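# Chain and residue survey
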Amino acid sequence: MSIIKTILKIVGASLLGLIISLSILFYYAKGEETKGYAFNLAVESQKGPILAGFSKQSIVPKQLKNMWMAGFGNNREATGVHDPLWARAIVIQRGDIKIALVVLDAIGLFYDDVVDIRTTLQTDLDIDYVMVSSTHCHESPDLIGIWGPESGRTGVDDNYLAYVKSQSVAAIKQAHSRLEKVKIEHYQDDESAKPLLEDTRNPLITDHSLKGLVFYSKNTDSVVGSLISWANHPEVLWSENTLISSDFVHYVREGVENGVEVKGKRIPGLGGISVYINGAVGGLMTTSPSWEVKSLKTGEMLTGATFERAEAVGDTLAYIYLKKVMNSHGSIIENERLAIAVKTIYLPLKNINFRLGMIARVIKRGLSGWSRKVKSEVAYIELGPLSIVTVPGEIYPEIVNGGVEAPTGQDYDITPVEVPALRKLMGGKHKYVFGITNDFIGYIVPKSQWDVKEPYTYKQTGAPYGEVNSLGPDTAPIVYQALKSLIIK
Ligand SMILES: [Zn+2]
């Protein structure tokens, strides 16, 4: 009897081994291929006035059952809606070139889904380059897959994902239909927003400068829309909240559009449609519940994962921005050159959990070629004195602002690779970083700071947080080199 049992065990084990091997082989041979063609776009327009149009479309889910909220653990089902989620779009035209940007109140969106949005638009509008960005809001439905009811079950509701894509298309179409001649002004405050965020990983380098563009109609002089850019995780409401919200981003946009209250005094807003875009949020920029934030309304110091504190962060950012617009002269952009350069990149997928998640279809995205790399994209845009890099994930601020280190305890014995800082290379006077744009590839960790093995960097007793949500140690060098090649022509 025991011999039969042993034989059965061996057969069973080898059968299991065979099934696993075949599945892996099948995955490599037949796995889904990333959508879209390889981009190597470089176009520019020297003449013509600048036109712009704005739009916003709701992306609030129509029902909340099985709507799993992204950003923290599993099994956080939405129970209500605190404030609306949006797809907010800007289309800019200069001469014969048009670009579109749609920003979603979402944790992120994969490249394949961005390609779907572009494909739907392509037939209708002649837009040269469409960018899809996410605010990285941690209080909105999962569009990635890893925050489902339990690990191993996807958190993405396919109907909701389709709705987000169709509303993105609708927002861009409407913004396009509203194109009109504009004057753009750039404003920037490099210091005031610093106390609102903390850096939770060495080296302590943030990207706290607040930047923004105000678009004035040439016909009416009124504000048609604005863009505000800052780098932080929208996660003030943290991990227990089950009410859908865009977190502090909601209050930023409300404040910029409709004004803020400062100790009983009303500061007027700009009107128009405000678009918030995130920047270099890696490494890791947060306003965790223990971090004290001063209420703009009362002057009280606030802690905790409350809407009141999310409002304090958003109001303060809006106030800093409005003060700049009211009290200073912005840098004017009227009849300037628009240039776009885009590059497709291929990133090795070393993260075993991500790979297993894809095999199990918890994470639904294609991979590329026989080496099954992650196909993604970077871009560089210049509009007169403005320059913009788009980054497909959460880039560490030291890569964009400088200060990449090679600390003792690093896993690779190398000097900093991602140098000089991207902002040193970028052209123009006003340098924007659009994070989590056109993809969601996780953390972009400087290779010389990569640290999963003992001894750990900065004399820490455990591995720092970041690598677990990164594709691998070569992500940052590849993203950096690709951007560098677009900037330096
Ligand atoms: Zn993040």
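Quick notes on the rules
- Residues numbered from 1 in each chain as written.
- Predicted model: local features only at pLDDT ≥ 70, side-chain atom pairs only at ≥ 80, totals over all residues.
- Heavy atoms only, no water.
- Core = buried A, V, L, I, M, F, W, Y, C linked by side-chain atoms within 4.5 Å.
- Buried < 20%, exposed > 50% of the residue type's maximum accessible area, 1.4 Å probe, protein only.
- Helix = DSSP H or I, 4+ residues; strand = E, 2+ residues; numbered from the N terminus.
- Domains from an automatic or database assignment.
- Contact = heavy atoms within 4.5 Å.
- Polar contact = N/O pair within 3.5 Å; in protein donor to acceptor, adjacent residues only side chain to side chain.
- Pairing = 2+ DSSP bridges.
- Axes fitted to C-alpha atoms, helices over the stretch in contact; angles between N-to-C directions.
- Buried area = accessible area lost by both parts, 1.4 Å probe.
- Salt bridge = Lys/Arg side-chain N within 4 Å of Asp/Glu carboxyl O.
- Donors = N, O, S within 2.8 Å, 3.2 Å for Na, K, Ca; no water.

### Observations regarding the nonpolar core
Counting residues in each nonpolar core, the largest one holds 46 residues, and the members touching the most others are Val389, Ile395, Ile399, Leu422, Ile444 and Val479. Mapped by element, the contributors of at least two residues to this core are strand S19 (338–347), helix H6 (352–359), strand S20 (374–383), helix H7 (397–401), helix H8 (422–425), strand S24 (443–444) and helix H9 (475–487). For this core, the leading source of residues is H9, giving seven residues. Two domains share this core, each providing at least three of its residues, namely domain 1 (52–179) and domain 2 (338–487). Ignoring sequence-local partners within four residues, the contact set of Val479 consists of Ile345, Leu347, Val378, Ile441 and Ile444. Of all hydrophobic cores here, the second largest spans 37 residues; its members include Ala193, Val262, Met285 and Tyr321.

### Focus on the environment of Val313
By the element assignment, Val313 lies in helix H5 (residues 307–327). Linking Val313 and Val293, residues 20 residues apart in sequence, is a C-alpha distance of 7.0 Å.

### Section: the environment of Ser331
Note on placement: Ser331 falls in strand S18 (residues 331–333). Expressed as a C-alpha distance, the spacing of Ser331 and Pro385, which sit 54 residues apart in the sequence, is 8.3 Å. Other than its neighbours up to four places away in sequence, Ser331 contacts Ile184, Glu185, His186, Pro385 and His430. Of the polar contacts made by the side chain of Ser331, one reaches the side chain of His430; its length is 2.9 Å.

### Regarding the sheet that holds strand S21 (residues 386–390)
Taken together, the five strands give an open sheet; going across it, the order is S1-S19-S20-S21-S23, and neighbouring strands pair in mixed fashion. A single partner strand is all that each edge strand has here, and the edge strands are strand S1 (42–45) and strand S23 (430–434). Neighbour to neighbour, the strand axes of the sheet diverge by 15 degrees on average, direction disregarded. Pairing of S1 with S19, which is carried by four bridges, proceeds in the antiparallel orientation. Considered in S19, the bridge of Val43 is made with Ile340. Across the face of the sheet, H9 comes into contact with S19, S20 and S21 while running at roughly 155 degrees to S19.

### Details of the domain arrangement of the chain
Here the domain parsing of the chain yields domain 1 (52–179) and domain 2 (338–487). One C-alpha centre belongs to domain 1, the other to domain 2; they are set 22 Å apart. On the side of domain 2, 24 residues touch domain 1, which itself brings 28 residues to the contact. Buried surface at the junction of domain 1 and domain 2, both sides included, amounts to about 2200 Å², of which 65% is carbon and sulfur. Sorting the residues of domain 1 by area buried against domain 2 places Phe110, Tyr111 and Tyr129 first, and these three jointly supply 29% of that buried surface. Where domain 1 meets domain 2, there are two salt bridges. The salt bridge partner of Arg118 is Glu377, with a shortest N-O separation of 2.8 Å. Taken together, the links from domain 1 to domain 2 amount to 14 residue pairs in polar contact (both at pLDDT 80 or more). Looking at the side of domain 1 that touches domain 2, the elements with two or more residues in it are strand S5 (97–104), helix H2 (111–122) and strand S6 (129–134). The element that contributes the greatest number of residues to the side of domain 1 that touches domain 2 is S6, accounting for six residues.

### A look at the coordination of the zinc ion
Tetrahedral metal sites with four donors have an ideal angle of 109.5 degrees; octahedral sites with six donors have ideal angles of 90 or 180 degrees. Surrounding the zinc ion are the protein donor atoms His136 (NE2), His233 (NE2) and Glu394 (OE), which sit 2.0 to 2.1 Å from the metal. Taken in sequence order, the residues that donate to the zinc ion follow the motif H-x96-H-x160-E. Separated by 161 residues along the polypeptide, His233 in the loop between strand S10 (223–230) and strand S11 (243–244) and Glu394 in strand S22 (residues 394–395) bring together distant segments of the chain. With respect to burial, His233 and Glu394 carry one shared label: buried.

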